[in-house]
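Residues per chain are reported as follows:
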Amino acid sequence: MHISKHTKSIMIPLVAAVALAFSTAVTAADDLIVKIGHVGPISGPSAHLGKDNENGAKMAIEELNAKGIMFGSKKVKFELQTEDDGGDPKQGTAVAQKLVDAKVAGVVGHLNSSTSIPAAKIYHDAGIPQISPASTATAYTAMGYKSTFRVVANDGQLGGTLGRYAVQTLNAKTIAVIDDRTAYGQGVADEFIKGAKSKNPAIKMVQRQFTNDKATDFNAILTSIKAAKPDVVFFGGMDSVGGPMLRQMKSLGITAKFMGGDGICTAKLPDLAGDALGNEQVICAEAGGVIDAQKKANDDFRAAYKKRFNAEVLLYSPYVYDSVMTLADAMQQAKSADPTVYLPFLQNIHHKGITGDIVFDKKGDIKDGTLTMYTYKAGKRSEMGVVK
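Residues numbered from 1 in each chain as written. Predicted model: local features only at pLDDT ≥ 70, side-chain atom pairs only at ≥ 80, totals over all residues. Heavy atoms only, no water.

Caption draft 1: Examining the overall build of the protein chain more closely. Within the protein chain, the secondary structure is distributed over twelve helices and 15 strands. Once the C-alpha set of the protein chain is aligned to its principal axes, its extents read approximately 100 × 40 × 40 Å. Across the 388 residues of the protein chain, 53% fall into the buried class. Long-range contacts, defined here as pairs at least 24 residues apart, represent 69% of the contacts in the protein chain between residues at least 6 apart. On the protein chain, roughly 16800 Å² of surface is accessible, and the fraction owed to carbon and sulfur atoms is 55%. Of the side-chain charges in the protein chain, 45 are positive and 39 negative, and the distance between the mean point of each set is 1 Å. (Helix = DSSP H or I, 4+ residues; strand = E, 2+ residues; numbered from the N terminus. Buried < 20%, exposed > 50% of the residue type's maximum accessible area, 1.4 Å probe, protein only. Contact = heavy atoms within 4.5 Å. Areas by Shrake-Rupley, 256 points an atom, 1.4 Å probe, with all protein chains shown as cover. Lys, Arg positive; Asp, Glu negative; His and termini not counted. Charge placed at Lys NZ, Arg CZ, Asp CG, Glu CD.)

Now the structure itself:
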């Protein structure tokens, strides 16, 4: 076949362009893309906590990529796929399936126990490891899934410790309990009652009231509680409900100590409660705690977080960061992002995190989980101490 000079002049740059495109594709193929899913409530009443968590995941991914991690001859590029569950169980299962379909290598999330629990089955059935940085309900790891983990203490530790504290330290004789009927809120409230009764079986639970996680009006239940004159009011729920509840307690003249779990124990609570947040009126606990050995690393993370996002850590972003890093550590040990290959390494991981040593028991709970007790003074959260 005869090819004219004109045709040759067209073909030469075309061939060169195709070769360049092929070369680029090969170069890109040399990178191993590893997708990590993150799920939290990016919308809804707890969106501030979901965004805080997402920021922690972003920091971990950025740091991992800066390290230039290799699996054999392949350079690993980690990508974060963030999904919004809105704190809603149905939405949570929908986005869980979306992450499965996207073939993520692992999932960090969810924030709420009520979304983590139903999503766990979807991840388990797909063989994808899930680490929750915040879900504390005992039911989350009680399902027996070998792919389910958490890096914080559970409600048995959290609620139980607060219940014992109410009796032993606050000398409470009468207690009212409110929960928001979520898996987390009801669970931590139940464990609080168990903890209190373990120290004083005769303790009077003068009220057990219920609300929901989107409620704004508590006058009816608080009026009933006021008549019972409790020493302590315990609330199982989130800060978005706890803050307005404190405002209405003040307006009704209720001066009881207000206690709660990690859901209310946030840097955002002073904004949500306003001038109803009396000095040392609120006592709460975060389902984690940094001892001296990890103090500097945790402080460094918080400083880097502030520089990166121009905001303070609200609650669980350090635990999200540790969860992503723990997944990556297991993958590096296995030299693979294939869940079937790295899952055994994750089950036996010993990762030195910024929140403590990450080691899981047979259920997937963190071993030797710690709690940090807090109160609020002059509108700011004040640490009271780390306990086990």
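Caption draft 2: The arrangement of the layout of surface pockets in detail. Approximately 470 Å³ is the volume found for the largest pocket. Together, 22 residues line the largest pocket, and Arg302, Val313, Tyr374, Arg381 and Glu383 are the ones closest to its centre. Listing elements by their share of the lining of the largest pocket, those giving two or more residues are α10 (292-309), α11 (317-334), β14 (371-377) and β15 (380-387). Per-class residue counts for the lining of the largest pocket are nine nonpolar, five polar and eight charged. In this structure, the second largest pocket spans a volume of roughly 310 Å³. Secondary-structure elements contributing two or more residues to the lining of the second largest pocket are α10 and β13 (357-358). Across the lining of the second largest pocket, the residue classes break down as ten nonpolar, seven polar and five charged. (1 Å grid on protein atoms, 1.4 Å probe; cavity = no way out; pocket = protein on both sides within 12 Å on 5 of 7 lines; lining within 4 Å. Points joined across faces, edges and corners; volume = space filled by probe spheres on them. Nonpolar A, V, L, I, M, F, W, Y, C, P; charged D, E, K, R; others polar.)

Caption draft 3: Just the environment of Phe360, in detail. Structurally, Phe360 is set in the loop between β13 and β14. On the accessibility criterion, Phe360 (4% relative accessible area) is buried. Leaving out residues up to four positions away in the same chain, Phe360 has contacts with Phe149, Arg150, Val151, Thr326, Leu346, Gln347, Ile349, Asp365, Ile366 and Lys367.

Caption draft 4: Seen up close, the packing of helix α2 (residues 47-67) against α11. Following both chains from N to C, one finds α2 and α11 inclined at 40°, their axes separated by 7 Å at the closest point. The two elements α2 and α11 cross, and the hand of that crossing is right-handed. Contacts between α2 and α11 involve Asp52, Asn53, Gly56, Ala57, Met59, Ala60, Ile61, Glu63 and Leu64 from the former and Ser317, Val320, Tyr321, Val324, Met325 and Ala328 from the latter. Among the residues forming the contact of α2 with α11, the class breakdown is ten nonpolar, three polar and two charged. (Axes fitted to C-alpha atoms, helices over the stretch in contact; angles between N-to-C directions. Left-handed = near helix turned anticlockwise from the far one by under 90°.)

Caption draft 5: Local environment of the pairing of β14. Buried residues dominate β14, accounting for six of its seven residues. Note that β14 and β15 share seven bridges and pair antiparallel. The residue bridging Tyr374 from the neighbouring strand is Glu383, located in β15. Hairpin connection between β14 and β15: a loop of two residues separates the two successive antiparallel strands, and Ala378 in this loop has a positive phi of roughly 50°. (Pairing = 2+ DSSP bridges.)

Caption draft 6: The arrangement of helix α7 (residues 219-228) in detail. Regarding α7, the residues found buried are Ile221, Leu222 and Ile225. Buried residues of α7, seen end-on, are gathered within an arc of 95° and therefore sit on one face of the element. What points out from α7, more than 90 degrees from its buried face, is the exposed set Ala220 and Ala227. Next to the buried residues of α7 lie β7 (174-179), β8 (204-210), β9 (232-236) and α8 (239-251). A positive backbone phi angle near 50° is found at Lys229, which sits one or two residues after α7. (Arc of directions from axis to C-beta.)

Caption draft 7: Quick peek at the side chain of Asp155. Locating Asp155 in the fold gives a position in helix α5 (residues 155-168). No salt bridge is formed by the buried Asp155; its nearest oppositely charged neighbour, Arg150, is found at 6.8 Å. Only 2.5 Å separates the side chain of Asp155 from the side chain of Thr136, close enough to count as a polar contact. In this structure Asp155 touches Thr136, Ala137, Thr138, Gly160, Ala183, Tyr184, Gly187, Val188 and Glu191, once residues within four positions along its chain are discounted. (Salt bridge = Lys/Arg side-chain N within 4 Å of Asp/Glu carboxyl O. Polar contact = N/O pair within 3.5 Å; in protein donor to acceptor, adjacent residues only side chain to side chain.)

Caption draft 8: Quick peek at the nonpolar core. Phe78, Ile175, Phe192, Met259, Met331 and Leu346 are the most contacted members of the largest nonpolar core, which totals 71 residues. With ten residues, α11 is the single largest residue contributor to this core. Not counting chain neighbours up to four residues away, the residues in contact with Met259 comprise Leu162, Tyr165, Ala166, Leu170, Phe192, Val232, Val233, Phe234, Phe235, Ile264 and Ile283. Ile178, Leu222, Met245 and Ile264 belong to the second-largest nonpolar core, a separate cluster that totals 26 residues. (Core = buried A, V, L, I, M, F, W, Y, C linked by side-chain atoms within 4.5 Å.)

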